[in-house]
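Commentary on secondary and tertiary structure
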Amino acid sequence: MRLSINGQICEASEGEYILNVARREGIFIPALCYLSGCSPTLACRLCMVEADGKRVYSCNAKAKEGMNVITNTAEIDAEREAIMQTYCVNHPLQCGVCDKSGECELQNFAARMRVNSQKFAIKDSHKPHKKWGLINYDPALCIVCERCITVCKDKIGESALKTTPRGADQVAKELKESMPKDAFAVWSKFQKSLIAPSAGDVLECSFCGECTSVCPVGALVSSDFQYTSNVWELEKIPAANPHSSDCELIYYEVKPKGIGDRTKRIYRVNNEFHFGEINTAARYGFDFHNENAVKNEAKFEEIVHAFKQGEIKNIKFNSFITNEEALILERLREKFSLNLINEEAYAYATFLEEFSKFSGTSLYNGSFESIAKADFIVVAGSFLRYDSPNTGYKVNNALVMNKAGGLYFHPLGDEIVRSYSKNFDVIAHEPGAEGKILLLLLQKFAKNLPAKLAEFSPSDLASELGVDESRLEVLSDNKQNSVLILGEDLYLSPHAKELAALAGAIQRYTDFKLILIPPRTNSLGVAKICTLSSEPKSGKTLGYNEEGDFKFSVFDGDIDAGALNQQEGTFTSINKAVVPTNAALAHEGYFLNDLANALGLHARYTIDYTHELPKSGGFKAVKFDDFKNFYDNDGKAHRGYELENLSVLAQDDLDISNFKTFSRKGAEILKNDGEICIYRANPIRHFSKFTNRTKLLNEVGALYASAEFLAKFKLDQNDAAIIKKGEDEIAILVKLDKDLSGEWAYLGDFDEKIRTDKIFKGARFANVQILRSKEASDE
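As the structure is a prediction and not an experimental result, all values here were calculated from the model.

Where a strand is regular, its side chains alternate between the two sheet faces. Most of strand S37 (residues 765–772) is tucked away, with six of its eight residues classed as buried. Here four bridges tie strand S31 (residues 676–680) to S37, and the two strands are oriented antiparallel to one another. Directly across from tyrosine 679, in S37, lies its bridge partner phenylalanine 765. The pairing of strand S33 (residues 720–725) with S37 spans four bridges and is classified as antiparallel. Looking at S37, one finds that lysine 724 is bridged to glutamine 769.

What follows is the structure, given as structure tokens:
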């Protein structure tokens, strides 16, 4: 449809709010409370406009064909000035030391609307500061715009904040007749409320910090950043989240440490909050580099010599690397006939290869944009919020904003996911039942399904999974945009090959847009660039940020490597986008490119490899300096480019011989021989040893358990326990995860001192014995 805003002809989609149309077209309408992609709250009312001669709020008024919108009139300008005056009543005059000064929207709007006098007054009330862990709250600065509440509910899905009575004097009713109507309404509401945790005095959430990012004033701020810097002194370095495969746009904000020490440090991380949320690790896990890195020339030459003499036969690495580093490793493999060992990327690459044989494409066809448009969503094989928090944010947002429905399948219960929507059913199933889930989806939604699959009864499959078939019909009826999200449980399953074939068939024969969550930051990039091996060759191993005979690592290495916040390069994200990241800090040790040059590959900078990334993997010959990395006003991402989804000759010969054995009955919570099934996952704020090296997120690893698990096995918070797997055992503390439900516990690999590889042999589920330390000593 077409409408006019201030005489400018604009195009709009059905149901689109006037404010969003204006933002996309570069037409300014003030708004303190509205967030793109969230529900309007009408808290500030600054976005009022005149539409076809009638006063409306543009954040909540939908565009109509032929509508004529005027954003500024004398009456509207006077109303907005009065609203801003009420916000400034009793607002502390501490701009000189406020952490938001210089980027404060209250400052900006007060100046823009020329608020230089005050007509209103009311007695102030005492509002003590609150300390909520990683976040501090100053209620004296709060304007109760409710952005923090809205973003936590509509995007993050945790609903950890609410309004609470302010306990202040109320605006005199007599003013209702003498002051502008909307200003009176905003002031009255403001005097009634403040912000508080939903759970009482303690803020219980994942501490993604998105509330601090959206806060237009200095009310909510990172406790670590508060009073450390003026924002105008900080240099913003655009980068990508180095910790998880969302690779969301972030800004490292840096400046020198002090007058005497001009070495730069990262003071905080920020994001484009209207369009790209970031998780806890991205916001607070920013200092994972080695400040004491040096060049150990003797050890460097020893490693170079070992390569040239053919002593080193393997490089073991992880996927917390750039695409350019992956290409360097691949070329070293070719030059020296090495085996490249990366277990999670190998499993992902193998799954993706088998998936392609049956989908007919080299990549999955879904993305975050698909989720944003979705009205029916299914998640399987992923402990969603823990594996990929940003995917969880997008799912929640679609459920809220699109009134979407769907199913979440996983053995472990997550009470936050359960609270996303009444139309998002959480189905707990036994480990190993993922094949049944995929078969059910094929049976229910496939078009021209291969005859070999016709013998599987959807009713039987639904019944065995605990799915109410009539409920599934209601949730999926008349849905136009369906998304299926699959995760690492499938890639590491003993039946991964068969599951990949089924996933490929779903993409080929149904209308689902598929997303295969890359398990680490750059697993997809590594899978498309490197030729990986399942086992090492006989000979020595160079560990790149992993253990090896020689260790080239950010920490505790024979030679010191650069961290991802010290490197230029690209990642390949969950959205199949090749996105740039920039160096925030200097590095005094070695880069992988230094080793490559010493071994004869010859590139001045690591980013000289960017335009050489393999076309066979879908990459394009784009130089690093030609990359863009920003969002438009309407949320369109200009971030690198998308991998080309290449056509693959599709197979039809689905081997169903193993399908009937997918859902083994075993892996019960407590087996007859006293074994317990536990899961491999990290707590929601961690992804690796890199996040655990940071000041704000560092912690001792534990066995994280549900309240039901603790009760059943007579364990208490912080009990010491022994996990036994055959002859191997791990001594560990037990901690309660309040969001976890069902009789489950999980163990992560983020703490380097805990050898989870002794417990989990490939798959994410393991049957173990758990004894309290006293029982173990008695035994």
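Past the structure itself, the notes keep going.
This part covers the domain arrangement of the chain. Segmenting the chain into domains produces domain 1 (1–72), domain 2 (75–233), domain 3 (297–343 + 523–642), domain 4 (348–520) and domain 5 (671–772). Taken together, the four residues of domain 2 in the interface contact five residues of domain 5. When domain 2 packs against domain 5, close to 380 Å² is buried across both sides, 62% of that on carbon and sulfur atoms. If you sort the residues of domain 2 by the area they bury against domain 5, Leu134, Ser206 and Asp224 come out on top, with a joint share of 78%. Across the contact surface, domain 2 and domain 5 share two salt bridges. The salt bridge involving glutamate 204 is made with lysine 738; its shortest N-O contact spans 3.2 Å. Counting the contacts that link domain 2 with domain 5 gives two residue pairs in polar contact (both at pLDDT 80 or more). Counted by class, the side of domain 2 that touches domain 5 contains one nonpolar, one polar and two charged residues.

If you trace the backbone, glutamate 79 turns up in helix H2 (residues 74–88). In contact with glutamate 79, not counting residues within four places along its chain, are Met48, Arg55, Pro180, Lys181, Asp182 and Ala183.

This part covers the environment of leucine 710. Examined against the element boundaries, leucine 710 turns out to sit in helix H24 (residues 707–712). Note on leucine 710: relative accessible area 8%, which makes it buried. Once the C-alpha coordinates of leucine 710 and phenylalanine 627 are considered, the two residues, 83 residues apart in sequence, prove to be 50 Å apart. Residues in contact with leucine 710, not counting those within four places in the same chain, are Ala705, Leu715, Val734 and Leu736.

This structure, assessed with the given rule, holds zero disulfides. Sulfur of cysteine 10: no disulfide; nearest cysteine sulfur belongs to cysteine 47 and is 16 Å away. Judged by relative accessible area, which is 1%, cysteine 10 ranks as buried. The thiol sulfur of cysteine 215 is not disulfide-bonded, and the nearest other cysteine sulfur, from cysteine 145, lies at 6.1 Å. Classification of cysteine 215 as buried rests on a relative accessible area of 7%.

The next subject is the sheet that holds strand S17 (residues 405–409). The strand order across the open sheet formed by five strands is S19-S17-S16-S20-S21, and the pairing between neighbours is parallel. The sheet is open, and its two borders are formed by strand S19 (424–427) and strand S21 (513–516), each paired with just one other strand. Taking the axes of each pair of neighbouring strands and ignoring which way they run, one obtains an average angle of 10 degrees across the sheet. Note: S17 against S19, four bridges, orientation parallel. Looking across to S19, one finds that phenylalanine 409 is bridged to isoleucine 427.

Attention shifts here to the UniProt feature "domain: 4Fe-4S His(Cys)3-ligated-type" (unreviewed entry) in the chain. In the numbering used here, UniProt assigns the feature "domain: 4Fe-4S His(Cys)3-ligated-type" (unreviewed entry) to residues 75–114. The straight-line gap between the two end C-alpha atoms of residues 75–114 is 15 Å; of that span, 55% is helix and 0% is strand.

As a packed pair, helix H11 (residues 343–359) and helix H20 (residues 496–509) sit with axes 7 Å apart at the nearest point and diverge in direction by 40 degrees. With respect to H20, the axis of H11 lies oblique. As H11 packs across H20, the resulting crossing turns out to be right-handed. Here Phe351, Glu354, Phe355, Phe358 and Ser359 of H11 lie close against H20, whose contacting residues are Ala496, Lys497, Leu499, Ala500, Ala501, Ala503, Gly504, Ala505, Gln507 and Arg508. For the contact of H11 with H20, the class distribution of residues is nine nonpolar, three polar and three charged.

By the element assignment, isoleucine 377 lies in strand S16 (residues 376–380). For isoleucine 377 and alanine 404, which are 27 residues apart along the polypeptide, the C-alpha to C-alpha distance reads 7.4 Å. The residues touching isoleucine 377, leaving out its near neighbours within four places in the chain, are Ile371, Val395, Ala398, Gly405, Gly406, Leu407, Phe424, Val483 and Ile485.

Take the pairing of S16 next. Within S16, five of the five residues are buried, which leaves it mostly tucked inside the rest of the structure. Residues Phe376, Val378 and Ala380 point to one face of S16 and Ile377 and Val379 to the other, with burial holding for every one of them. Here S16 pairs with strand S20 (residues 482–486) via five bridges, running parallel. Within the sheet, the bridge partner assigned to alanine 380 lies in S20 and is leucine 486. As paired strands, S16 and S17 are joined by five bridges and run parallel to one another. Across the sheet, the residue bridging to phenylalanine 376 is glycine 405, located in S17.

All right, on to the sheet that holds strand S11 (residues 235–240) then. Taking strand neighbours across the sheet as the criterion, the three strands line up as S11-S12-S13 in an open arrangement whose pairing is antiparallel. Since the sheet does not close on itself, it has two edges, and those belong to S11 and strand S13 (264–271), each with one partner. Sheet twist, expressed as the average angle between the axes of neighbouring strands with direction ignored, equals 30 degrees. Pairing of strand S12 (residues 249–256) with S13, which is carried by seven bridges, proceeds in the antiparallel orientation. Residue pairing for S13: tyrosine 251 is matched across the bridge by asparagine 270.

Parameters and conventions
- Residues numbered from 1 in each chain as written.
- Predicted model: local features only at pLDDT ≥ 70, side-chain atom pairs only at ≥ 80, totals over all residues.
- Heavy atoms only, no water.
- Buried < 20%, exposed > 50% of the residue type's maximum accessible area, 1.4 Å probe, protein only.
- Helix = DSSP H or I, 4+ residues; strand = E, 2+ residues; numbered from the N terminus.
- Pairing = 2+ DSSP bridges.
- Domains from an automatic or database assignment.
- Contact = heavy atoms within 4.5 Å.
- Buried area = accessible area lost by both parts, 1.4 Å probe.
- Salt bridge = Lys/Arg side-chain N within 4 Å of Asp/Glu carboxyl O.
- Polar contact = N/O pair within 3.5 Å; in protein donor to acceptor, adjacent residues only side chain to side chain.
- Nonpolar A, V, L, I, M, F, W, Y, C, P; charged D, E, K, R; others polar.
- Disulfide = S-S within 2.5 Å.
- Axes fitted to C-alpha atoms, helices over the stretch in contact; angles between N-to-C directions.
- UniProt positions renumbered as here; feature names shortened; annotations may be inferred.
- Parallel < 35°, antiparallel > 145°, perpendicular 65-115°, else oblique.
- Left-handed = near helix turned anticlockwise from the far one by under 90°.

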